[in-house]
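What the coordinates show
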Amino acid sequence: MSEELSSVFKALGHPIRREILDILKESPKTTGELDEFFPEVTRYAIMKHLKILEEGNLVVVRREGKYKRNFLNAVPLQEMHNRWVGKYMQPTANSLLKLRSAVELLGGKEKMSEFRIEQEIFINASREEVFKALTEKVEDWWEFRIAPKGVPSHFTFEPVPGGQFIEKWGENDGAIWGNVYFVNAPEEIRLFGHLGMQGAVNSAYTYRLQEREGGTVLQLSHTASGVIQEQWEQEHTKGWEYLLGTLLKNYVENKVE
């Protein structure tokens, strides 16, 4: 497997070879047809590039009469994808691709930026109690809503890989606040979701729970990148302080008492 991956990485290491794969993605081509796409490159060089792609198993050559036709073989690329992009991380990767595409469509007129929020809250309760409140009992204390004003809504949170943190109103209406992609209960849970931000934004947040004498330290990490409005960092900083430092803390500690 290691040698195969090395061949794939070598094959992808040159811009002309990557461009050849882009061309073959559209349709198979003979060596002569590929040569026409690169007027400044010799036919011999194109043949060498094709040989390296063939060694990396990214191109399959089939003889048709007196010609050899080159076909894209995407299997090694899919194997790389499967190795490093798990099924729970795939939505994150797709989100990043969509983010990039959206920004490119704006023609560079919007400025890309990012922010990171780190907070710690001490809660006088066990990790198990805090973790359960963060997830299964979120309906009892999470105050912010996306639902239209005056329309009642409720939350559900599935603390399992692939689970979702959802707000629903009506029979078919709702919003996803977070998608779960990592769980190590009751120590850590990671999600990605817009958290009220709109447009070309990628956002992820993590809860980590550490035992401390007399209770639990809840650590929040929230990162966001993309076309971010100037006030969002301050709004989310204050929002998290209120949600976790006031609402969650009061809910858990008063419930425990």
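Up top is the structure.
Below, the structure is looked at part by part. All values derive from a computational prediction rather than experimental measurement.

Criteria and thresholds
- Residues numbered from 1 in each chain as written.
- Predicted model: local features only at pLDDT ≥ 70, side-chain atom pairs only at ≥ 80, totals over all residues.
- Heavy atoms only, no water.
- Salt bridge = Lys/Arg side-chain N within 4 Å of Asp/Glu carboxyl O.
- Helix = DSSP H or I, 4+ residues; strand = E, 2+ residues; numbered from the N terminus.
- Buried < 20%, exposed > 50% of the residue type's maximum accessible area, 1.4 Å probe, protein only.
- Pairing = 2+ DSSP bridges.
- Axes fitted to C-alpha atoms, helices over the stretch in contact; angles between N-to-C directions.
- Contact = heavy atoms within 4.5 Å.

1. Section: the pattern of salt bridges
- Here the structure, examined in full by the defined rule, presents 7 salt bridges.
- A salt bridge links Arg208 to Glu188; the shortest N-O distance between them is 3.5 Å. Remark: Glu188 occurs in strand β8 (residues 188–192) and Arg208 occurs in strand β9 (residues 201–212); sequence separation between them is 20 residues.
- We classify Arg208 as partly exposed; its relative accessible area is 31%.
- Between Lys249 and Glu253 there is a salt bridge, and its shortest N-O distance comes to 2.9 Å. On the criterion of helical spacing, the pair formed by Lys249 and Glu253 is a turn pair, its members being 4 residues apart in helix α8 (residues 232–256).
- Among the residues examined, Glu253 registers a relative accessible area of 15% and is labelled buried.
- Through salt bridges that share partners, Arg127, Glu187 and Glu211 make up one connected network.

2. Remarks on the pairing of β9
- Strand direction decides the pairing type here: β8 and β9, joined by 5 bridges, are antiparallel. Along β9, the bridge assignment pairs Arg190 with Thr206.
- Note that β9 and strand β10 (residues 215–226) share 12 bridges and pair antiparallel. Bridge pairing links Asn202 to Ser225 in β10.
- Counted along the chain from β9 to the antiparallel partner β10, the turn is 2 residues long, and its residue Gly214 has a positive phi close to 90 degrees.

3. Some thoughts on the sheet that holds strand β3 (residues 67–72)
- Pairing is antiparallel across the open sheet formed by 3 strands, whose spatial order is β1-β3-β2. The open sheet is flanked by β1 (29–30) and β2 (59–64), the only strands paired with a single partner.
- Pairing between β1 and β3: 2 bridges, direction antiparallel. Opposite Lys29, over in β3, you have Asn70 as the bridge partner.

4. Notes on the sheet that holds β9
- With antiparallel pairing, the 7 strands of this open sheet are ordered in space as β4-β10-β9-β8-β7-β6-β5. If you trace the sheet from one side to the other, it starts and ends with β4 (113–123) and β5 (154–157), each paired once. Pairs of neighbouring strands in the sheet enclose a mean axial angle of 20 degrees, with direction left out of account.
- With respect to the sheet, helix α7 (residues 127–134) is in contact with β4, β5, β7 (173–184), β8, β9 and β10, its orientation differing from that of β9 by roughly 155 degrees.

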